[in-house]
Amino acid sequence: MSGGAELRVKIAEIEPVATDVRRFRFVAADGGALPLFSGGAHVVVGMEAGDRRIRNAYSLMGSPFDESSYQVSVLKTRDSRGGSVFLHERVAVGDTLVISHPVNLFPVDRRARKHLFIAGGIGITPFLAMAEQLSEEGARFELHYAMRARDCGAYAEEAARLYGGRVHLYCSAEGRRLPVDALLANQPLGTHLYVCGPERMIEGVIGAARDAGWPEENLHAERFQAPPAGEPFRARLARSGISIDVGPHQSLLEALEAAGIDAPYLCRGGACGQCETAIVSCDGTLVHNDHYLTPEERAGAAKIMTCVSRLAGRELVLDL
Amino acid sequence: MGLVFKTETFRDDFTFSNSPASIRRFPFPFDRDAYAYSVNIEPHTKGAPGSVFEFPIDVDEHYVAEMHDRALVLKADPLRCQSLPHMITAEWDLVELLMTSMAEAYPEHFTLTRDGDAWHWINRPLGIDDRFTFGDTATLPLPPMEYITRQCQGDFSLLDQRDNNLWMDAGIVTTQADWSLDFDIGMNFMEWHGPVPLAHEAGVFDRALKFLLNLQLGRPVRRLNWTMTINPRLDTSPENYHKWGTDRTTVTTENVGDKVHLRVELQALWRLPRSNAIVFSIRCYLIKLSELVTSPKWARRLHRVLKSLPPELIDYKGLTRYHPQTVEWLSKFDDGAPTSPGIGPD
């Protein structure tokens, strides 16, 4: 099963909120209600960029209880593969887009006695919906938000205004760094930790939590990533007998879709496991960029996650 | 749509029976002459008018009698309905799912009026008319899951998703085929499927779990499962084994048609929006073999399925004591003709 049930939405508002960050507000194209979601959920936004169909996942950041609109934030990245530039430069209020139903791969653990959120940069977005949800439900949470400079910190002031003393801001340009070790060493039993931000930050915080003796079940991270670029290669589909070329800035999944194949996917960020595909043979080295396969599975070279992983080599033969 | 609710019992004098229309719509689970394990999950989309798949939540002629039986079970054993504290949001999600679905499908019987969080629910067959504040448990006479599932046929469990697994952390289970919510509550998907023979080896549960972890909002799925029960008992719980276990020894060649029932579960799964939990509904349909054989196709096919069932499954499904008599009785209805494709009657 590829993707999910789709929703047609209209762009109701585009607002610059920080350097290179824009907030988009979507309403249902038919004027009706949008499905409710839970904090931490994302939608996949489809974009028709010339001859390419780009699909990027963005966290929903508004109130989960607001059926009238969805909000996402888009950071314009320097090495954009087209999606963030498309949304920054090529769409306008009133345009329609097709998005997936919300999917939550980063939910809060409702057994937690306390929720500790650590955000870096644009990684703030899922926490805005989580904070809204937990605030409504009367649950205990703290949000720690690290940013390079004030003008990069989208929503810092908004979060501080909404949640007051539960929000802590760290601006590295002002010399304030996130006191990770101190934070992790002083939490009540039953606290769950959630991290979203740059990969290095996630690794650092999760590693520090493990070192501090936190149980694995209490650690949660959102590791969406855009499919990394790489060398071009060829994919041959053993069952359908088709060969396709995967470009340097194209993911294997995108190349399959461009060839008209209804390939499975859900998160498009290497996290959910839905696009797992069996490998028949490979002439080259697999570059596993996902967070789903176990080290043993990677070593076995029998599976690949087509949304983010690729081949450094000549040809990959898939059981498709 | 002319639903007439029957007065009947699922215990003591066992007056339960299916009308001819109810027999025609029975969800016969076998699409071929031999049974094999499979995940057999399909989208829970709208089915043919009159079928059990017509609406997301099926209400049929047994509705009032089943709700009465559920009340009796809960009165004798309140542990059939349990919910861990972190599942309260999922309970409210379930209230919304069931009320909106029932009111939309059966407007002559159920009405839901929503004004923001101020909800008004009318259930005419059970004589209920309540106004409450959605999300405020104090405004309902019972906890939300118990309130609504005392008004909806089928068992329900609410599965929390965390650590790449599903956890049975709430549910109401009064019509089960020999399993217990009180025993399973707090277990994860692999733990509660622990005892099923053959299926673990086939990797069925690994695939099913992976599929369900990615179950999406707006895309419910369903499957049919089956077993057999002696007498039309809804409550065949382990807690009450002493009441129904010995029924299995009472089957004779003469009474097979009335005593032996095919028990089919229409299992459906929905992702819930606010809680990200999954609701797993298990709706039980019973049919005695003398009713089932009024469809020649079903009679032939059930004979062939039961005759070829592996011994492990005969044992697991608890058929051992009456399997020979049942196959013998059904053989009279098997003329050796081929059966047509699909699960519907000819």
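Residues numbered from 1 in each chain as written. Chains lettered and ligands numbered in written order. Predicted model: local features only at pLDDT ≥ 70, side-chain atom pairs only at ≥ 80, totals over all residues. Heavy atoms only, no water.

J.: Which residues make up the side chain of B:Asp247, and what values go with them?
T.: All names here are of chain B. Structurally, Asp 247 can be placed in the loop between α8 (241-244) and α9 (256-259). In this structure the side chain of Asp 247 is engaged in a polar contact, spanning 3.3 Å, whose partner is the side chain of Asn 231. When sequence neighbours within four positions are dropped, the list of residues in contact with Asp 247 reads Ile 230, Asn 231 and Arg 233. (Helix = DSSP H or I, 4+ residues; strand = E, 2+ residues; numbered from the N terminus. Polar contact = N/O pair within 3.5 Å; in protein donor to acceptor, adjacent residues only side chain to side chain. Contact = heavy atoms within 4.5 Å.)

J.: I'd like a rundown of the interface of chain A and chain B, residues and numbers included.
T.: Between chain A and chain B, the contact holds 27 residues from the first and 17 residues from the second. Between chain A and chain B, the buried area comes to about 1,900 Å², and carbon and sulfur atoms account for 50% of it. For the interface between chain A and chain B, the tally reads one salt bridge. Where chain A meets chain B, there are six residue pairs in polar contact (both at pLDDT 80 or more). When the residues that make up the side of chain A that touches chain B are grouped by side-chain class, the tally is twelve nonpolar, nine polar and six charged. (Buried area = accessible area lost by both parts, 1.4 Å probe. Salt bridge = Lys/Arg side-chain N within 4 Å of Asp/Glu carboxyl O. Nonpolar A, V, L, I, M, F, W, Y, C, P; charged D, E, K, R; others polar.)

J.: So what about helix α11 (residues 296-307) of chain B? Which residues, and what values?
T.: Residues and elements named next belong to chain B. Between its first and last C-alpha atoms α11 spans 17 Å; for twelve residues at 1.5 Å apiece the expected length is 16 Å, and the two agree. α11 sits mainly inside the fold: ten of its twelve residues count as buried. For α11, the complete set of buried residues consists of Lys 297, Trp 298, Ala 299, Arg 300, Arg 301, Leu 302, His 303, Arg 304, Val 305 and Leu 306. Looking at the buried residues of α11, the elements they touch are α1 (20-24), β8 (221-230), α10 (289-292) and α13 (323-331). (Expected span 1.5 Å × (residues − 1). Buried < 20%, exposed > 50% of the residue type's maximum accessible area, 1.4 Å probe, protein only.)

J.: Please give an account of the packing of aromatic side chains that cites residues and values.
T.: Tallying each qualifying case throughout the model produces 27 aromatic pairs over all chains. The interplanar angle of 75° and the centroid separation of 5.0 Å between the aromatic rings of B:Phe30 and B:Trp226 together place this pair among those described as edge-to-face. Pair noted here: B:Phe30 is in the loop between α1 and β1 (42-43) and B:Trp226 is in strand β8, with a separation of 196 residues, a long-range link. Like B:Phe30, the residue B:Trp226 is buried in the burial classification. Relative to B:Phe132, the ring of B:Trp119 has its centre 5.9 Å away and its plane inclined at 50°; by these criteria the two rings are tilted. Here B:Trp119, found in strand β4 (residues 118-123), pairs with B:Phe132, found in strand β5 (residues 128-133); they are 13 residues apart in sequence, far enough to count as distant. Among the residues examined, B:Trp119 registers a relative accessible area of 2% and is labelled buried. Members of the aromatic cluster, connected to one another through ring pairs, are A:Phe106, A:Phe117, A:Phe127, A:Phe141, A:Tyr163 and A:Tyr194. The cationic tip of B:Arg222 hangs over the ring face of B:Phe53; the distance from NZ or CZ to the ring centre is 4.1 Å. Here the guanidinium or amino end of B:Lys317 rests over the ring plane of B:Trp226, the centre of that ring lying 4.4 Å away. (Phe/Tyr/Trp six-rings, centres within 6.5 Å; stacked < 30°, edge-to-face > 60°. Lys NZ or Arg CZ within 6 Å of the ring centre and 35° of its normal.)

J.: Give a description of the sheet that holds strand β2 (residues 81-83) of chain B that names residues and reports values.
T.: Residues and elements named next belong to chain B. Across the sheet, which stays open at both edges, the seven strands sit in the order β1-β8-β9-β10-β6-β7-β2 with antiparallel pairing between neighbours. Each edge of the open sheet is held by one strand with a lone partner, namely β1 and β2. The pairing of strand β6 (residues 155-162) with strand β10 (residues 278-288) spans five bridges and is classified as antiparallel. The residue bridging Phe 156 from the neighbouring strand is Ser 281, located in β10. (Pairing = 2+ DSSP bridges.)

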